[in-house]
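# Observations on chain architecture
Below, each chain spelled out in residue letters.
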Amino acid sequence: VTATTAATFHKDFSIASGVTLAGTGILNYEGNNTQNLNSVGKTFTSGLTITKAVGSVFNLSAAFSGTAITLASGTFTTNNFAVTLSGLLTITSNTITKVMNLGSSVVTLTGTSATSFSGSNLTLNSRTSSLVFSNASGASLNNNTNSNLTFYNVSFTGTTLSLNITGTNTFNNLSFTNRTSVGGNTVVFAANQTINGTLTDSMELVIYVQIRQQQVH
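The structure contained in this document is the topic of the report that follows. (Residues numbered from 1 in each chain as written. Predicted model: local features only at pLDDT ≥ 70, side-chain atom pairs only at ≥ 80, totals over all residues. Heavy atoms only, no water.)

Turning to the pairing of strand β23 (residues 173–176), a few remarks are in order. Note: strand β20 (residues 153–156) against β23, four bridges, orientation parallel. Bridge pairing in β23 links V154 to L174. Two strands pair when backbone bridges link them, and β23 and strand β26 (residues 199–201) are joined in this way by three bridges, in the parallel orientation. Looking at β26, one finds that S175 is bridged to T200. (Pairing = 2+ DSSP bridges. Helix = DSSP H or I, 4+ residues; strand = E, 2+ residues; numbered from the N terminus.)

Take a look at the structure:
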């Protein structure tokens, strides 16, 4: 199946085992009903945009691997399945109610940018999830006018790092690992950050942290 242009779905979406996915047309999931996506181990070459009615849910029914997921409205629930993206996990900058339920999922982003949580009216239920940014350079985490987001475990494992963490956030554990050289690695905390567990730089490299009249608790 080749997605050359954008396509819109209002029902459940399941892929047959013999189907190969291709193309980069955006796949839009809309409507006021509950939708389930079963990718049966296939890698999506197209980005997914979730534009559900407020209170309506888009569920994963299996582990998901693809390019990008954008939550524009409604509720996105991972159902504890692993999520691997080569691009971005993005919250659209708008005022529509949005809910993201991560459960115990391990969400891995392999691209060169991290992710941006933008716009107001976002509820982030991180539970015991892990966000792993394996190649994050020139990235930002949480550019949210709502702020006050609570993450669970967040780790940046790329060999180089230039990161802005904006908004007021709470973490269980926050870690920076695997960098290969001293210097040139910066983390900017642009607002108050609370870490209830451990802040880790396991490579014991120099990391420049600029705190703009804020506090790290």
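Our next topic: the pairing of strand β8 (residues 57–60). One ladder, built from three bridges, connects strand β6 (residues 35–38) with β8; its direction is parallel. Each residue of the ladder has a partner; that of L37, found in β8, is L60. The pairing of β8 with strand β10 (residues 69–77) spans three bridges and is classified as parallel. Bridging from a neighbouring strand, N59 pairs with T77 of β10.

On their own, these measurements won't tell you what the molecule is for.
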